[in-house]
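# Per-entry structural report
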Amino acid sequence: MNLYICVYCGSRTPENTLLAEFATDLGASIAQRNWGLVYGGGKVGMMGIAADAALANKGEVIGIIPTALKRAEVVHTGVTEIIETPDMHTRKALMETKSSAFVVLPGGFGTLDEFFEILTWRQLGFHNKPIILVNACGYFDGIKKFVNTALSQDFIRENNLKLFSVTSTIAETMAVLEKHLNK
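The following paragraphs examine the structure supplied in this document. (Residues numbered from 1 in each chain as written. Predicted model: local features only at pLDDT ≥ 70, side-chain atom pairs only at ≥ 80, totals over all residues. Heavy atoms only, no water.)

Mapped onto the elements, Pro-66 comes out in strand E3 (residues 61–66). For Pro-66, a relative accessible area of 2% translates into the label buried. Along the primary structure Pro-66 and Pro-86 are separated by 20 residues, whereas in three dimensions their C-alpha atoms are 5.4 Å apart. (Helix = DSSP H or I, 4+ residues; strand = E, 2+ residues; numbered from the N terminus. Buried < 20%, exposed > 50% of the residue type's maximum accessible area, 1.4 Å probe, protein only.)

Strand-to-strand pairing in sheets goes through backbone hydrogen bonds, with the strands running parallel or antiparallel. On the basis of which strands lie adjacent, the open sheet formed by seven strands has the order E4-E3-E2-E1-E5-E6-E7 and parallel pairing. With one partner strand each, in any of the chains shown, strand E4 (81–85) and strand E7 (165–167) form the two edges of the open sheet. Along the sheet, successive strands turn relative to each other by an average axial angle of 25°, direction set aside. Both strand E1 (residues 4–8) and strand E2 (residues 36–39) contribute to a ladder of three bridges, which runs parallel. Within E2, the residue paired with Cys-6 across the bridge is Val-38. Sitting on the sheet, helix H3 (residues 88–98) is in contact with E1, E2, E3, E4 and strand E5 (101–104), with an inclination near 160° to E3. Strand contacts of helix H4 (residues 109–123): E1, E5 and strand E6 (131–134), with the helix running at about 150° to E6, the strand carrying the most contacts. (Pairing = 2+ DSSP bridges. Axes fitted to C-alpha atoms, helices over the stretch in contact; angles between N-to-C directions. Contact = heavy atoms within 4.5 Å.)

Alternating residues of E6 divide into Ile-131 and Leu-133 and Ile-132 and Val-134, and every residue in both groups is buried. Here E5 runs beside E6; their pairing, made up of three bridges, is parallel. When the sheet's bridge partners are listed, Val-104 is paired in E6 with Leu-133. This β-α-β element, E5 to H4 to E6, shows right-handed connectivity. Judged from the three bridges that link them, E6 and E7 form a sheet pairing that is parallel. Across the sheet, residue Leu-133 finds its bridge partner in E7, namely Val-166. Following the backbone out of E6, through helix H5 (residues 141–152) and into the adjacent parallel E7, one traces a crossover that is right-handed. (Right-handed = clockwise from strand over helix to strand, strands pointing away.)

Have a look at this one:
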């Protein structure tokens, strides 16, 4: 296996069950393409759902979790590999190193932190890997509005909009991944 897709998403299970279905569909779709899944290492919430779906489809799953979060995020002991890191900075750097692309599903502050950090790294030229924001059920409409405001106020340039893609379905997400990864 040479392609690994990093999935950023929440460690909580959303009230909207459609959002959880996105995690299931994404994990399964990654495994069905014989790609590995890299994620935050928890067995709960959207993270656990995506990991379990990949595992159920015979996929390889690498969880990367800081020691301090092993209990809080209830480390997933059933994945292919768990890598424990001393802190969040090391976790995020290792997730970037091991991944060929990044997919962002709904989540909270941590998910947004991961998205904006990996996006900034791409903007600065630290990597040139695809980043996809999955706007499941309009979840990231506020981010889209923020980006347009930042653009109109000249805090970001128009070419920065090419640093990431926004999709609304897993099928569309997989098509974007296949386009970028099969070059």
